[in-house]
Amino acid sequence: MDKQKAREKEVTRRNFLKMMGTLGLVGATATLAGCSKEPAGGGGWLPQQYQVASSWPTQVRGRVPLDPFSPSLTRDDEKCILCGQCVEVCQKVQSVFGYYQLPIKDNIVCVNCGQCALWCPTAAITERDEVQKVIEALEDPDKFVVVQTAPATRVALGEEFGLPAGSWVQGQQVAALKQMGFDRVFDTNFTADLTILEEGTELINRITGKETGRPLPQFTSCSPGWIKFCEYYYPYLIPNLSTCKSPQQMFGALVKTYYAKQNNIDPKNIVSVSIMPCTAKKFEAARPEMNDAGQYWNSEEEIRDVDIVLTTRELARLIKHYGIDLAALPEEEYDPMMGEGSGAGLIFGATGGVMEAAVRTAYFVLTNQPAPEVLFNLTPVRGLEGVKEASLEIPGTGTLRIAVVHGLGNARPVLEAVRRGESPYHFIEFMCCPGGCVSGGGQPRTSLPPSDEVREARIASLYQKDASYKLRESHENKEVIELYETFLDHPISELAYKLLHTKYTDRGDNFVAKKLS
Amino acid sequence: MAYNKFDTPGKGVLIDLSKCVGCGSCSLACKMWNDLKFDDKFPDQGPDAKLSDKNWTAVRFHAVEKDGQPVFRFVKNQCLHCQQPACESACFSRAFQRTESGATIYYPHLCVGCRYCMLACPFNVPKFQWDQTFPLVTKCQMCFGRIEKGEAPACVGVCPTNVMTFGDRDELLALARKTIESDDKYVKHIYGEHEAGGTNWLYISDVPFEQLGFRTDVTTRPIPEYSHEFLKYTPPVIVAWGGLLSGMYIYTKRRNKIAKEEKKDMSV
């Protein structure tokens, strides 16, 4: 009480005036220093290309629209700087953006290829992250988690760990996957070889007229971005597409039927993971028809052929999550039964690879003789030229004319020629991404924008390994032979057709394609 | 008689909604240029997009029907920069000022935070910084600094499909009229030509505006005219009121004086 009285006494008239004077000074200083008389806004930044007079067009601008529900791609607006690189690649390289009339109908036209993600300098556009799903599956003791790795990931994964472009890390990749706790580590090259047998047989059937209603040229069907492009822009050429599923989906269907049956595993407990260089593979795995294992087992519960797709970049994140030093790992081998792959399967990762692999086997099937040496180094279909072509004399059959196209912009003139009936080819390989899978939308961002130098390094690594293999022809893959002997019977058998082949969707009604001059 | 501050209608933007693909470049450019924060609760793109103190522009997604078919449309919202802005007329501290260029801009140092502007705006545009200790009102400034330099507003410049055209309002109106008349797909209405007495941002669309969340019941009479109807009597009311009160004061004072004098006489 006394203290309070004492304090009250201190508030003298002098003190009060001093206090008010100080507050006034502080207020005046704050007003003068901090309170701008400028209008609101304009305190930020935009890239240089947008600082032009309003009547001048900006050459590189904006960004591509992304479907918020896309299974493949997402975008973080806080990272986007509107540099326009995504539009650049989508429009000029892939010929998707801007190739439809406005207004849009009810679809955000996207082939899910992820080239925008590969070109994005800030990684604002990236794959839909499913790393956590894999971690949960690995930690679930009731789940039998199998993984397949695509041909192209083994020549790129190392780049995420500081190794030079094209470094060969197949053995380390297998070792890392095993160390993380995957129950089986398999190779997509196995089904790449299988694809050659199915697709090759289909081609021969088309040439010989056994496959009625299926015209020539036959188009390859391994690249889901290319498939969606064809469904969108060239739906009338869908009959030209091979009915073969991509190696990823063949693998998914087989692991939950063939492998599950042979090893007595409940397919419902299998979690099928794939490591892909591609973001469109996520879309492909989510296509409603890709549940052939479920159909096979007559399961009421939905069994997806492939449950989770990780890109190479996601795999790198997963490996880093477990604190594994990839480069320091000892090399390990793939698990048997679905782990063997030939050099032919391996080169699927490069543009022209499917074609080269196919002709090696086609030659053997048609002539019953080993393929000549030239078919093991088929240079006309190698390299980064947009459209490559070759013709082969096959004794007893005639001339087989083939073409290889990569990058969807390069596909348009070839497809137009096919539409007009002017295409001389029997078989055309289409790959969505420039350079093929080695430069897929899910690969490491080793150079920005992606450079041919990096693509060439990765491709060279694949061809070098193919050359060093003893097994270089798909039809000589012992595990594939065993698969046919014990399960599928023969290529395009009834069961093979059920599990390894698919149908396509006409997406031409989703928009009005722009008339091109 | 309407109060027109400037002789020229100024600059504006014509938005052709049928060209929008929903990439959201415009709303991001707005955030980048104006240094605005991102807010998960109030998205600036998608089906739930709305204007907020951090979203000066927002691109809202609409799934509607056109000719019996489902279609996607995207609507970019922002301040429409009225020819005779209600916010300006409601603001007694002159924090909102329409400029000769057509932009209605906001001066934070003049704002007293009364929020009359928010009540006045027929398009529900100005937003308040509810989460700030010293909150301000916020809205699109039409990138005033940029248009003064001859550049287009940030959102216009970044659009990859040319949804927006920046220019003189008169020319934009002529362009809009020509576009909707030459193509059957368009609704024969230019939103903003007459709404609230005319706005400097104009819209054309191939889907009726009411289906895209536009207020179609907005008066065509400039909002300030309504308040002008009675506010024009303010000076005479003040003078009359002052006169009346002064008179009453003098009268009362005189009465008291007389009463006092009478009392004095009585006591004598």
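Residues numbered from 1 in each chain as written. Chains lettered and ligands numbered in written order. Predicted model: local features only at pLDDT ≥ 70, side-chain atom pairs only at ≥ 80, totals over all residues. Heavy atoms only, no water.

Enquirer: Help me out: how do you make sense of the sheet that holds strand S10 (residues 427-431) of chain A in this one?
Expert: The pairing of strands in a sheet comes from backbone hydrogen bonds and takes either a parallel or an antiparallel form. Residues and elements named next belong to chain A. Pairing within the open sheet is mixed, and its 4 strands lie in the order S5-S10-S9-S8. Here the strands that pair on one side only, and so sit at the sheet edges, are strand S5 (218-219) and strand S8 (387-394). Sheet analysis places S5 next to S10, joined by 2 bridges and oriented parallel. Across the sheet, Phe 219 pairs through a bridge with Ile 428, a residue of S10. (Pairing = 2+ DSSP bridges. Helix = DSSP H or I, 4+ residues; strand = E, 2+ residues; numbered from the N terminus.)

Enquirer: Just to check I follow, could you spell out helix H16 (residues 452-468) of chain A for this structure?
Expert: Every α-helix winds through 3.6 residues per turn, so residues three or four apart in the chain are directed the same way. Residue and element names in this part refer to chain A. End to end, H16 covers 24 Å across 17 residues, agreeing with the expected 24 Å (1.5 Å per residue, within 8%). Along H16, the positions that sit buried rather than exposed are Val 454, Arg 455, Arg 458, Ile 459, Ser 461, Leu 462, Tyr 463 and Asp 466. Of the surrounding elements, those touching the buried residues of H16 are helix H13 (343-346) and helix H14 (353-367). (Expected span 1.5 Å × (residues − 1). Buried < 20%, exposed > 50% of the residue type's maximum accessible area, 1.4 Å probe, protein only. Contact = heavy atoms within 4.5 Å.)

Enquirer: What should I look at first to understand the environment of Leu 119 of chain B in this one?
Expert: Residues and elements named next belong to chain B. Mapped onto the secondary structure, Leu 119 falls in helix H3 (residues 116-120). Residue Leu 119 is classed as exposed on the basis of its relative accessible area, which comes to 72%. When the C-alpha atoms of Leu 119 and Ala 90 are compared, they prove to be 8.6 Å apart, with 29 residues separating the residues in sequence.

Enquirer: Would you take a moment to explain the packing of aromatic side chains for this structure?
Expert: Describing an aromatic ring pair means giving the distance of the ring centres and the angle of the ring planes. Residues and elements named next belong to chain A. All chains considered together, the criterion is met by 27 aromatic pairs over all chains. Seen from their ring centres, Tyr 258 and Phe 487 are 5.4 Å apart, and the 45° between their planes marks the pair as tilted. Linking Tyr 258 in helix H9 (residues 247-262) with Phe 487 in helix H17 (residues 478-488), this pair joins segments that are 229 residues apart in sequence. For Tyr 258, a relative accessible area of 1% puts it in the buried group. Feature note: the residues Tyr 100, Phe 229, Tyr 232, Tyr 233, Tyr 234, Tyr 236 and Phe 511 constitute an aromatic cluster, connected by ring pairs. If you follow Arg 412 out to its NZ or CZ, it ends over the ring of Tyr 233, 4.3 Å from the centre. (Phe/Tyr/Trp six-rings, centres within 6.5 Å; stacked < 30°, edge-to-face > 60°. Lys NZ or Arg CZ within 6 Å of the ring centre and 35° of its normal.)

Enquirer: Where do I start with the interface of chain B and chain A in this structure?
Expert: When the parts of a complex come together, some accessible area is lost, and that lost area is often taken as the interface size. Across the boundary between the two partners, chain B contributes 45 residues, which contact 40 residues of chain A. Summed over both sides, the interface between chain B and chain A buries roughly 3,200 Å², with carbon and sulfur atoms accounting for 62% of that surface. Applying the counting rule to chain B against chain A returns 0 salt bridges. Counting across the interface, chain B meets chain A through 21 residue pairs in polar contact (both at pLDDT 80 or more). (Buried area = accessible area lost by both parts, 1.4 Å probe. Salt bridge = Lys/Arg side-chain N within 4 Å of Asp/Glu carboxyl O. Polar contact = N/O pair within 3.5 Å; in protein donor to acceptor, adjacent residues only side chain to side chain.)

Enquirer: Help me out: how do you make sense of the nonpolar core in this one?
Expert: In summary, soluble globular proteins display a tendency toward joint burial of nonpolar side chains. Residues and elements named next belong to chain A. Ranked by size, the top nonpolar core spans 103 residues in total, and within it Trp 226 and Phe 229 carry the most contacts. If you tally residues by element for this core, the top one is helix H8 (residues 224-233), at 6 residues. Not counting chain neighbours up to four residues away, the residues in contact with Trp 226 comprise Phe 219, Thr 220, Leu 241, Leu 408, Leu 415, Phe 430 and Cys 432. Counting 29 residues, the second largest nonpolar core, distinct from the first, contains Val 134, Val 169, Leu 177 and Val 273. (Core = buried A, V, L, I, M, F, W, Y, C linked by side-chain atoms within 4.5 Å.)

Enquirer: Please clarify how the environment of Arg 445 of chain A should be interpreted in this entry.
Expert: Residues and elements named next belong to chain A. Topologically, Arg 445 is positioned in the loop between S10 and H16. Between the C-alpha atoms of Arg 445 and Gly 21, which are 424 residues apart in sequence, the distance is 62 Å. Side-chain polar atoms of Arg 445 contact the backbone oxygen of Ala 117, separated by 3.0 Å. Within the structure, Arg 445 has its side chain in polar contact with the backbone oxygen of Ile 125 (distance 3.0 Å).

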